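Architecture at a glance
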Amino acid sequence: MSETVGIEYTKVAEIKGPLMVIDDITKASFDELVEIESADGERRLGKVLEVGFGKAVVQVFEGTTGLAISGTKAKFLGKTMTMPVSQELLGRVFDGLGRPNDSLPEPVADRFIDVNGEPMNPERREYPTSFIQTGVSVIDGMLTLVRGQKLPIFSGSGMPHNILAAQIARQATVVGTKEDFAVVFAAIGVQYSEAQYFKRSLEESGALRRSVLFLNLADDPAIERIITPRVALTVAEYLAFDLGMHVLAILTDMTNYAEALREISAAREEVPGRKGYPGYLYTDLANNYERAGRIKGKNGSVTQVPILSMPADDITHPIPDLTGYITEGQIVLGRDLFRKGIYPSVNVLMSLSRLMKDGVGEGKTRADHMEVGNQLYDAYSRAQEVRALAEIVGKAGLTGVDLKYLEAGDLFESHFLKQNHDENRTLEETMSRAWDVLSSLPEGELTKIKEKNVRQYYKGKP
Amino acid sequence: MSSNSALERTVNKVLSQKESDMITQIDSAYHESMNNLESSRTSIESDYERIIDAARKQADNLKRQVIGSTRLNARNKQLLLVEAAVNEVFEKAKVALRSVGKDENYKQLMNRLLEEGLSAIGKDDMIVECSKTDMELVKKSTAFSDRQKKIKLTLSEKPIDAIGGVRVRSADLSLTYDGTLDSRIERLKPLIRKSIVQMLRGEG
C-alpha cells in the first residue's frame, strides 16, 4: 500500500450512465482506483477506464445515481483496487465489492492483492488430475469435477441452478486426504431471497466456516458485478496458492456479469459485437475463467464452477458459446427433465467434463468409473432414441432389447439422476446406483466395460 | 341297522376328510404366517438399519453444524473484541498526537508534506491550509517561503480541523492535495490495524 496521497479533482465534465468524465487531470493511471464524494458527503468507488487529453473516464462501481456535476469530488488514490486477504476471510460474508456484509469489521489483512490478479505462468501450470466429490451422482459418476478444472453449469431462467450450486458448495470434498478444502461463493446479481438461501444453506450445513461469500444483489448497481468475480477469485487464489487450500470457486450468474459489461460498453459508445456485447467479451470472460488451476510446487488448487443462465435456453447465445471455448466441458441443465420434476435436471447428453478421464480410475476413484460413465452415456442415448421410436411405432413395435433400454432410461432418471437437494451420495453409492441401471440391461449390451468389471459388479441374472 | 352304520361311516369319513383338510389349511396358514413373519423381520431389520443409518448421518451433520457454528460465533466475537480494542488504540493515538510537542522532527515533516503537496498540485496560484497551531510553522517553513518567491502562494486564514499536516489547493479549488496527518492515518489504517492486532495477539 502506497503512502502517497492522491489528488482530489472537482471538475466533473460529464456523467453518462455508469461513467464519469473528469477534466483537467494532471496525474492518473489506467485502472487507478478513484474515490468519488458526492455533494452530500456520500463516498463511492470507481476505477479509471481511459486517460488522455487532460481527461479521465471513471467507471463508478456503485452507479452514478444521485451524483451531480457540481459538488462532486473525485480523489485519485494512486493504486489499483485491492482486496485485503487473510485466513480470517473464511466464514465471512462480503458484498460485491468485497466490503463486509455481516456486521463484522474489515478483516485484518495479511496482504493486499490487486483484484485483477496476475496471469498464471503457463509453464508452471500443473495438469489437473485429482477427483473432487460433490455428492451429486450425475456429476461424480459421469461429469467428474477435477481439482483445478473450470466446469461451468449452463442453465435457463427459472431452473434450479442455484440450488445445485448451493448443494455442491455444501457437499464438495476432497476424499481421502486431510488437506484443507474451502469454498468461495460469488453471487452476481442474484435476488435477495437467493442470497439468503445461499447464506442459510451454508450456515445450516456447517459449511460456512470453510466458505467465503460475496453477495451482489439484483438491486445493487449493475457495475459492481464487474468486480464481484474478480474479488472472489482473488480470495480463491490467495487461499489456494498462499495457504495451500483446495478451493472451489462458484460464480453465479455470469450472465449478469456479461450484462454489466455490455452496459459499460454501450455507455463508452464502443462498437458492439454479437447481441450488443462488446467485442472483447471473450477476452474478458477468459480473464476470469483462466484464474483456475494448479501450480507446480504449490499444494492448493482453484476449481471453478461458473454458472450462467442461457437467455431463452439458447446454447448458441454469445455468453455460453464463448464460455464453452474457454472452459473444460460443461454441465447443461435440461428444461424437459426439469418439467418432469427431476432434480438435478442435468441433460447428460449435452454435458461433458473434458478432464474426467484424468481424474478417475484405479488409484483415484474406482477402476470401473470411466467405463461405467461411458456405458451410462451410451445406454441413455440409446434409451432416448428408443423413446422417440416408441412414440411413432408404439411399445408393441419394439424389440425385447429396445424395451430393456427403455426401462434402463427410466431407471437412469429415477434412480441415478434424481436425488434430493440435501442428499449427499458417496462415490460408492453413486457407482452402485449406476450398476443398478446398467444391470437392467442384458449383460451382452455392456460393451464398454471390461469383462472382469462386469463379472464383479453386474447385478442382473446371468 | 345296516343303513345306520353306513351313514355313520360316511359321516366319519366326511369328518375325517374335513379334519384332514382343516389341519392342512391350518398347517399352510401357519407356514404362511411364519413366512410372512420371517419376511417382515427381514424388511423390518432393513428398515431399522436404514432408519438408524439415516439418524446417524443426521446426528453427524448436526454435530458438524453445531461445532462449526459455535467455532464461527466464537471467532466472530473475538473479531469484534479485537476491533473495539483497535479503535480504542486509534482514538488514544490521535489524542496523543494532538498533544505532542511541535519539535524539530515535526517541523521537518511539515516541510516535506508541504513540498509534496505543492509539487503534486503544481499550479502557479495555490492555497495552503493547516490547523491554527501550525500556521506559524508553515509560514516559517523553507518550502513555503522558497515557493512564495516564485509563484502566488497564500496561507489560508481559515484554519482546518486536523491533527497536523497541510492541505494544498489550487486557487480555483479544482484540485486538492490532502496531506493532513488525519488523512494519512486513515489511508494507512489497514496496515496500522494489522500491527496493532499482531501486538494484541502477542504475535511478531
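About the thresholds
- Residues numbered from 1 in each chain as written.
- Chains lettered and ligands numbered in written order.
- Predicted model: local features only at pLDDT ≥ 70, side-chain atom pairs only at ≥ 80, totals over all residues.
- Heavy atoms only, no water.
- Helix = DSSP H or I, 4+ residues; strand = E, 2+ residues; numbered from the N terminus.
- Rg over C-alpha atoms; globule rule 2.2 N^0.38 Å.
- Buried < 20%, exposed > 50% of the residue type's maximum accessible area, 1.4 Å probe, protein only.
- Contact = heavy atoms within 4.5 Å.
- Areas by Shrake-Rupley, 256 points an atom, 1.4 Å probe, with all protein chains shown as cover.
- Lys, Arg positive; Asp, Glu negative; His and termini not counted.
- Charge placed at Lys NZ, Arg CZ, Asp CG, Glu CD.
- Patch = residues over 30% accessible without salt bridge, like charges linked within 9 Å, V, L, I, M, F, W, Y side chains within 5 Å.
- Salt bridge = Lys/Arg side-chain N within 4 Å of Asp/Glu carboxyl O.
- Core = buried A, V, L, I, M, F, W, Y, C linked by side-chain atoms within 4.5 Å.
- Domains from an automatic or database assignment.
- Buried area = accessible area lost by both parts, 1.4 Å probe.
- Polar contact = N/O pair within 3.5 Å; in protein donor to acceptor, adjacent residues only side chain to side chain.
- Nonpolar A, V, L, I, M, F, W, Y, C, P; charged D, E, K, R; others polar.
- Expected span 1.5 Å × (residues − 1).
- Bend = angle between axes of the 7 residues up to and from the residue.
- Pairing = 2+ DSSP bridges.

1. Some thoughts on the overall build of chain B
Counting secondary structure elements, chain B contains 5 helices and 4 strands. The C-alpha radius of gyration of chain B comes to 48 Å, more than 25% above the 17 Å expected for a compact globule of 204 residues. By principal-axis analysis of the C-alpha atoms, chain B measures approximately 160 × 40 × 25 Å. When the 204 residues of chain B are sorted by exposure, 28% land in the buried category. Relative to all contacts within chain B whose residues are 6 or more apart in sequence, the contacts with residues 24 or more apart total 74%. Of the roughly 13800 Å² of accessible surface on chain B, a fraction of 56% belongs to carbon and sulfur atoms. Side chains of chain B carry 35 positive and 31 negative charges; the gap between the two charge centres is 7 Å.

2. Examining the side chain of T144 of chain A
Residue and element names in this part refer to chain A. Note on placement: T144 falls in the loop between α1 (137–142) and β13 (145–146). With relative accessibility at 0%, the residue T144 sits in the buried group. Leave out the neighbours within four places in its chain, and T144 touches F131, I139, Q149, S353, M356, V360 and H369.

3. Topic: a nonpolar patch on the surface
Judged by side-chain polarity, L389, I392 and V393 of chain A come together as a nonpolar surface patch covering roughly 300 Å² of accessible area. Along the chain, V393 of chain A falls in helix α10 (residues 369–393).

4. Points about the nonpolar core
All names here are of chain A. Core analysis: the biggest nonpolar cluster contains 69 residues, and V138, M142, I250, L376 and F412 have the highest contact counts within it. Per-element accounting of this core gives the leading share, 7 residues, to α10. The two domains that each donate at least three residues to this core are domain 2 (82–359) and domain 3 (369–457). Sequence-distant contacts of F412, defined by excluding residues within four places in its chain, comprise M142, V348, L376, Y380, L417 and V437. If you look at the next biggest cluster of nonpolar residues, it comprises 62 residues, including L97, V115, F154 and I223.

5. Some words on the domain arrangement of chain A
Residues and elements named next belong to chain A. With domains assigned, chain A is organised as domain 1 (8–76), domain 2 (82–359) and domain 3 (369–457). Centre-to-centre separation of domain 2 and domain 3, based on C-alpha positions: 31 Å. Opposite the 29 residues of domain 2 that make contact, domain 3 presents 24 residues. Roughly 2200 Å² is buried in total at the junction of domain 2 and domain 3, and carbon and sulfur atoms are behind 62% of that figure. It is S137, M142 and L349 in domain 2 that bury the most area against domain 3; as a group they hold 27% of the surface buried on that side. Where domain 2 meets domain 3, there are 1 salt bridge. Residue E413 pairs with K340 through a salt bridge whose shortest N-O separation is 2.8 Å. At the surface where domain 2 touches domain 3, the tally comes to 15 residue pairs in polar contact (both at pLDDT 80 or more). Of all the secondary structure elements, the ones that give two or more residues to the side of domain 2 that touches domain 3 are α1, α2 (161–171) and α9 (356–359). Considering every element that reaches the side of domain 2 that touches domain 3, the biggest residue donor is α1, with 5 residues. The class makeup of the residues in the side of domain 2 that touches domain 3 is 15 nonpolar, 10 polar and 4 charged.

6. Points about the environment of V60 of chain A
Residues and elements named next belong to chain A. Mapped onto the fold, V60 is located in strand β6 (residues 55–60). Along the chain, V60 and L281 lie 221 residues apart, while their C-alpha atoms are 20 Å from each other. The contact partners of V60, leaving out residues within four places of it in the chain, are P18, M20, I36, R44, L45, G46 and I223.

7. A short note on the domain arrangement of chain B
Residues and elements named next belong to chain B. Split into domains, chain B comes out as domain 1 (1–99) and domain 2 (102–200). Domain 1 and domain 2 are separated by 75 Å when their C-alpha centres are compared. Here domain 1 meets domain 2 over a buried area of about 1000 Å², counting both sides, of which 75% is carbon and sulfur. At the boundary of domain 1 and domain 2, one finds 2 salt bridges. Between R98 and D161 there is a salt bridge, and its shortest N-O distance comes to 3.7 Å. Inspection of the domain 1/domain 2 interface yields 1 residue pair in polar contact (both at pLDDT 80 or more). Residues belonging to the side of domain 1 that touches domain 2 are distributed by class as follows: 6 nonpolar, 1 polar and 3 charged.

8. Describing the pattern of salt bridges
Residues and elements named next belong to chain A. Applying the stated rule across the entire model yields 49 salt bridges over all chains. Of the charged contacts, one joins R44 and E42 as a salt bridge, the two residues approaching to 3.1 Å between their closest N and O atoms. Of the residues examined, E42 reaches a relative accessible area of 39% and is grouped as partly exposed. The salt bridge involving E328 is made with K150; its shortest N-O contact spans 3.1 Å.

9. Things to note about helix α5 (residues 181–200) of chain B
All names here are of chain B. Look at α5: only 24 Å from first C-alpha to last across 20 residues, short of the 28 Å you get at 1.5 Å a residue. Along α5, the sharpest change in direction is near 65 degrees and occurs at K189; proline P190 comes one to four residues later. Within α5, burial applies to L181, S183, R184, I185, R187, R193, I196 and V197. Looking one or two places after α5, you find G202, whose phi comes out positive at around 70 degrees.

10. Here we look at the pairing of strand β16 (residues 211–217) of chain A
Residue and element names in this part refer to chain A. In terms of burial, β16 is largely enclosed, as 7 of its 7 residues are buried. Burial along β16 is two-sided: the face carrying S211, L213, L215 and L217 and the face carrying V212, F214 and N216 are both buried. Pairing between strand β9 (residues 92–95) and β16: 4 bridges, direction parallel. If you follow R92 over to β16, its bridge partner there is V212. Alignment of strand β15 (residues 181–190) against β16, held across 7 bridges, turns out to be parallel. Considered in β16, the bridge of A187 is made with L215.

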